[in-house]
Amino acid sequence: AVVSTQSTGDLAEQGKDILLLLEFMKKSVPYSLQNDTHRFIFPKGIAVDQRMAIVKELVRRESTFLQSMFLIESKLYTPLHEAALKNEKPILASAHLKTCFSDLVQVNQVHQVFLARLHQKETTWTGDTTIGDVFLQLSQRFDVYSNYLDNYPSSIAIYRKNINQNPAFWAFIQRFDSQNPTRRKFFSLLTQPMNHMEDLHTLLGSLIFYTPTQHPDRRLLDQALSEFKQLWEVIERARTQYASIGALKTLEQEIIDCPMLTDTGRGVLSHLTVYRVKCTIDPSTGTPQTLSADREFPYLQKYRIYLLQDCIMITRIVFQVEPFCGEAQERARFVSTAALSAVKLRNTNHELRFVLYTPQGIHLFECETADAMKNWTDVVNRALVDAPKLPIPNIYVKQSPINVKSVG
């Protein structure tokens, strides 16, 4: 329930209710969505200065976050850095340490200043106190988060390689996880900056919700929220891109003879299971024609088509039967790929069929349902409009990287 934004009494008399509210906020979900705004909704029966309560929660969460960041710097970065200075064979190379930890150390320093400013506001709090200026000062150092996000995939790659190939590093991580007093695992700590920005975004939205429009803090909070939204979009893009890379690597493993798909900015937009239809191609028009003799068995094979941001990949479904296995297992086998700039899609008079033109040939496919057909053609046509344009069509080769930047 939404309660009034007006204070209901002297803050000194509200201490008990504030403690109850903070306990509620600790136990509640990180945020609730009301009209697409991240914020806490206070329960009925708690009469407090809501802004004061949110600031106390800000201080608590910021203190908890800095404990994690101190742990990263004192128990991870410092001993690894000292080992790199002393040993000819360090646990982790100095160059890798810089990639993995330099941004985290800067994040720690930025938030120490942020917490000090929050403490100052908390201790001198009145009804007219502004807190948006503190958030705006923090937003001026969002560059450290941009660097952290840029280096995050490289850091994960370094950790993954060293965990599998460097016994000393693996033993160091195991020892850290077993002795860590907070019980947070190593890789969980590495995501703390992103998770903490989500908390701050939530509490900032809560402050705006409980700050009257005429309050001197409202304009500052709105400006700060705009800055946080921009950072949050960057974080979400980074998460999406990293998830896309993971999905592409999974495809590389699942598809037989699949070329290398992973590339910056590429992801799977959609995929569709279809049946290739028997047909002949009119050489003058390039139009496929089906034969009446094939009406009883019109299909050649089951296929799966993958749509990526810059190319389309055609695979053929094959069935593998293992001894003592009661079912045939479906596997996709790579057939061909083509840059979207070299692809055309045309509907036919048949509601379930479409024609796909690629440099490798002309294919007539049939979808399983009309809804699948409509959704597929819509998403492909949008992708064709947004696709990078190449001077000439691309034709790719099996077992080589798909790179739309190289033409030929």
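Here, every reference points to the structure presented above.
All of the points below concern the structure found in this document. (Residues numbered from 1 in each chain as written. Predicted model: local features only at pLDDT ≥ 70, side-chain atom pairs only at ≥ 80, totals over all residues. Heavy atoms only, no water.)

## Some thoughts on helix α3 (residues 94-123)
In this model α3 runs 42 Å from its N-terminal to its C-terminal C-alpha over 30 residues, within 8% of the 44 Å that 1.5 Å per residue would give. Maximal helix bending in α3 amounts to about 40°, located at phenylalanine 101. (Helix = DSSP H or I, 4+ residues; strand = E, 2+ residues; numbered from the N terminus. Expected span 1.5 Å × (residues − 1). Bend = angle between axes of the 7 residues up to and from the residue.)

## Some words on unusual backbone geometry
Backbone geometry places aspartate 257, a non-glycine residue, at a positive phi of 60°. Along the chain, aspartate 257 falls in the loop between α9 (218-254) and β3 (268-277). Assessed through its relative accessible area of 30%, aspartate 257 is described here as partly exposed. (Buried < 20%, exposed > 50% of the residue type's maximum accessible area, 1.4 Å probe, protein only.)

## Description of empty space enclosed by the protein
Applying the stated criterion to the full structure yields 2 cavities of 30 Å³ or more. Approximately 70 Å³ is the volume found for the largest cavity. Forming the walls of the largest cavity are Thr99, Cys100, Asp103, Leu104, Tyr148, Asn151, Tyr152, Ser155, Tyr159 and Leu190. Going through the elements one at a time, α3 and α5 (143-165) are the ones with two or more residues in the lining of the largest cavity. Here the element with the most residues in the lining of the largest cavity is α5; it accounts for 5 residues. Partitioning the lining of the largest cavity into residue classes produces 6 nonpolar, 3 polar and 1 charged. Each pocket or cavity is described by its volume, and for the second largest cavity that value is around 30 Å³. Lining the second largest cavity are Met197, His201, Phe228, Leu231, Trp232 and Ile235. Counting residues per element, the ones that place at least two in the lining of the second largest cavity are α8 (192-209) and α9. Of the residues forming the lining of the second largest cavity, the biggest block, 4 residues, is contributed by α9. (1 Å grid on protein atoms, 1.4 Å probe; cavity = no way out; pocket = protein on both sides within 12 Å on 5 of 7 lines; lining within 4 Å. Points joined across faces, edges and corners; volume = space filled by probe spheres on them. Nonpolar A, V, L, I, M, F, W, Y, C, P; charged D, E, K, R; others polar.)

## Notes on the pairing of strand β6 (residues 299-308)
Successive side chains on a regular strand alternate, one facing one side of the sheet and the next facing the other. When you tally the buried positions in β6, you get 7 out of 10 residues, the bulk of the element. Inspection of the sheet shows β3 paired to β6 by 9 bridges, in the antiparallel sense. Along β6, the bridge assignment pairs valine 277 with tyrosine 299. Sheet topology places β6 next to strand β7 (residues 311-320); 5 bridges connect them, and they run antiparallel. From the neighbouring strand, tyrosine 303 faces β7, where its bridge partner is arginine 316. (Pairing = 2+ DSSP bridges.)

## Quick word on the sheet that holds β6
Ordered by their spatial adjacency, 7 strands build an open sheet running β8-β7-β6-β3-β11-β10-β9, and the pairing between neighbours is antiparallel. Each having just a single partner strand, β8 (329-339) and β9 (344-347) make up the two edges of the open sheet. When strand polarity is set aside, the average angle formed by the axes of neighbouring strands in this sheet is 35°. Taken together, the 4 bridges between β9 and strand β10 (residues 353-358) define a ladder with antiparallel strand orientation. Across the sheet, the residue bridging to leucine 345 is leucine 356, located in β10. Across the sheet, helix α10 (residues 370-386) lies against β3, β6, β7, β9 and β10, angled at about 125° from β3, the strand it touches most. (Axes fitted to C-alpha atoms, helices over the stretch in contact; angles between N-to-C directions. Contact = heavy atoms within 4.5 Å.)

## Concerning the nonpolar core
Of all hydrophobic cores here, the largest spans 63 residues; its most connected members are Phe101, Phe135 and Tyr145. Contributing elements (two or more residues each) for this core: α2 (50-86), α3, α4 (132-139), α5, α6 (167-179), α7 (186-190), α8 and α9. Among the elements that make up this core, the one with the highest residue count is α2 (14 residues). Discounting chain neighbours no more than four positions away, the residues touching phenylalanine 101 are Ile72, Leu76, Tyr77, Leu80 and Tyr159. Listed in part, the 22 residues of the second largest apolar core include Ile312, Val343, Leu356 and Met373. (Core = buried A, V, L, I, M, F, W, Y, C linked by side-chain atoms within 4.5 Å.)

## Digging into the side chain of histidine 215
Relative to the helices and strands, histidine 215 resides in the loop between α8 and α9. Setting aside anything within four residues of it in sequence, one finds histidine 215 in contact with Arg51, Gly127, Asp128 and Thr129.

## Overview of the packing of α8 against α9
The relative placement of two packed helices comes down to the angle between their axes together with the axis-to-axis distance. One way to put it is that α8 packs onto α9 with a least axis distance of 10 Å and a crossing angle of 150°. Of the possible angle classes, the one that applies to α8 and α9 is roughly antiparallel. As α8 packs across α9, the resulting crossing turns out to be left-handed. Of the residues in α9, those touching α8 at Met194, Asn195, Met197, Glu198, Leu200, His201, Leu204, Leu207 and Ile208 are Arg218, Leu221, Asp222, Ala224, Leu225, Phe228, Lys229, Leu231, Trp232, Ile235 and Arg239. Residues of the contact of α8 with α9, tallied by class, amount to 13 nonpolar, 2 polar and 5 charged. (Parallel < 35°, antiparallel > 145°, perpendicular 65-115°, else oblique. Left-handed = near helix turned anticlockwise from the far one by under 90°.)

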